[in-house]
Amino acid sequence: MSFKSLGLSEPILKAIAKKGYETPSPIQAKAIPPVLDSKDVLASAQTGTGKTAGFTLPLLHILSENQRHHRRQIRALILTPTRELAAQVYANVKEYSEFLDIRGAVIFGGVNQKPQVSKIRQGIDVLVATPGRLLDLESQGLLSLRHVEIFVLDEADRMLDMGFLRDIERVMKLIPAKRQNLMFSATFSKDIKKLAYSILHNPVQVEATPENTAVEVIEQKVYRVAKTKKTDLIIKLISEGDWQQVLVFTRTKHGANRLTKKMISSGITAAAIHGNKSQGARTKALAGFKSAKIRVLVATDIAARGLDIPLLPHVINFELPNISEDYVHRIGRTGRAGASGEALSLVSADETSYLRGIEKLIAQKIPVEIIEGFEPDPNASTEPIKPGQNRQRSPRRNSKHKGEGGGSNSRNSNRNRNRNRRRNNDNRN
Ligand code: AMP
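Residues numbered from 1 in each chain as written. Predicted model: local features only at pLDDT ≥ 70, side-chain atom pairs only at ≥ 80, totals over all residues. Heavy atoms only, no water.

Peer 1: Help me understand the sheet that holds strand β2 (residues 76-79) in this model?
Peer 2: The strands that make up a sheet pair up through hydrogen bonds in the backbone, lying either parallel or antiparallel. With respect to topology, 7 strands assemble into an open sheet ordered β3-β4-β2-β5-β6-β1-β7, the strand pairing being parallel. Every other strand in the sheet has two partners, leaving β3 (104-107) and β7 (204-207) as the edge strands with one partner each. For this sheet the average axis-to-axis angle between neighbouring strands, irrespective of direction, equals 15 degrees. Examined bridge by bridge, β2 and strand β4 (residues 126-129) share 4 bridges and lie parallel to one another. In the sheet register, L77 faces β4, and the bridge partner there is L127. Across the sheet, helix α3 (residues 51-65) is in contact with β2, β4, β5 (150-153) and β6 (180-185); its angle to β5 comes to roughly 170 degrees. (Pairing = 2+ DSSP bridges. Helix = DSSP H or I, 4+ residues; strand = E, 2+ residues; numbered from the N terminus. Axes fitted to C-alpha atoms, helices over the stretch in contact; angles between N-to-C directions. Contact = heavy atoms within 4.5 Å.)

Structural data, given as structure tokens:
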């Protein structure tokens, strides 16, 4: 199978060749033809499968082949849950449209809106946006979605997790009823199916390799350890293994900050990436990590979602996620594109039920190891920490919100409720 045989135009094939892609990934091979056929598509795909090109390439093809109407009006809208993902999708739009007469822009909260507005004013065909900033600018009359022909909802499951349902519904009311819809999600809960049903019309359903097969190529290990020994153990593993590029997941933002500080004081270059960090700090941390200036990136689930960090040899779960699917997303950061990788989890007694849930989901028993001097605490309770007892919760619950995709000036109470949900979510992450 070649990109050419999928029916993409020459300028797009040229951009693909420049990127160095030789063959379409499975999700691209399955999603591109129905999208080119103007069908609605519901795709099951997580980050790392090439899903972004799966919708961006055919979308650009359609827009460029049919430029008669509404040139330099927003004809395609791509909604993403986080700023990082928005920035990455936009980078893809730019690269793939290099040889086309198509202009794009990206908007998200947490940064000054002026440059974003001036870009939109100059006229754009494709807009990549997080929901809060999109609704803000629309309500200020700074952009119009009346000419949208193609609507893409990326990482729909994460959108719902972050409390964006109301915002999505508001966006839907602002775009024409007659349009093509593409929805991507890694998981398919009841709520996601309900959302899909409300947005899509007779969608073609496509699926990347089932998540569990991706899991099989990753070497997984659990270190049973006392909670109080986790920091020392992770520092030992990274130092003695001489690992140079490690992605570490913590459950909370404070946990991420604390661990980062401890790593730095042990001589390991590290940076934290989470929803309380400014956009500049996040971009800098990610760039430092990618260029190998920083050895360890400590991230929360929401912040890490959608980050494009190819070929990562080591992923460590400093704490297990309480949502089993997040484990699959996390370890999907290693062993990408056929390369093998290692995913290690430090598991204390109170995480036992999370571990069971994960093993059930991936239908695998993860091998367990105990390192001398870092044994689990035999007296520790195996009861999971309840949300209300979370000792690592942010003490600054009323501080100015700088959540993922945030920055909206809400006026109605529904939005306020929604924002509170997002804020709570952000505090956990
Ligand atoms: P995504 O799942 O969209 O985040 O893409 C994951 C990574 O795969 C990105 O670094 C892409 O640049 C890369 N990629 C996407 N499509 C292909 C392809 N057909 N061949 C090789 N790499 C690809």
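Additional details are given in the paragraphs that follow.
Peer 1: What is the right way to read the environment of I362 from this model?
Peer 2: Among the structural elements, I362 can be located in helix α16 (residues 352-362). Judged by relative accessible area, which is 3%, I362 ranks as buried. Linking I362 and E325, residues 37 residues apart in sequence, is a C-alpha distance of 9.1 Å. (Buried < 20%, exposed > 50% of the residue type's maximum accessible area, 1.4 Å probe, protein only.)

Peer 1: What should I look at first to understand the pattern of salt bridges in this one?
Peer 2: When charged atoms on two side chains of opposite charge get close, those side chains can pair. Applying the stated criterion to the full structure yields 21 salt bridges. Residues E10 and K4 are paired through a salt bridge, measuring 3.7 Å at the closest nitrogen-oxygen approach. A residue is classified by how much of its surface remains accessible, and K4, at 55% relative accessible area, is exposed. A single network of salt bridges, built from pairs that share partners, joins K51, D154 and E155. (Salt bridge = Lys/Arg side-chain N within 4 Å of Asp/Glu carboxyl O.)

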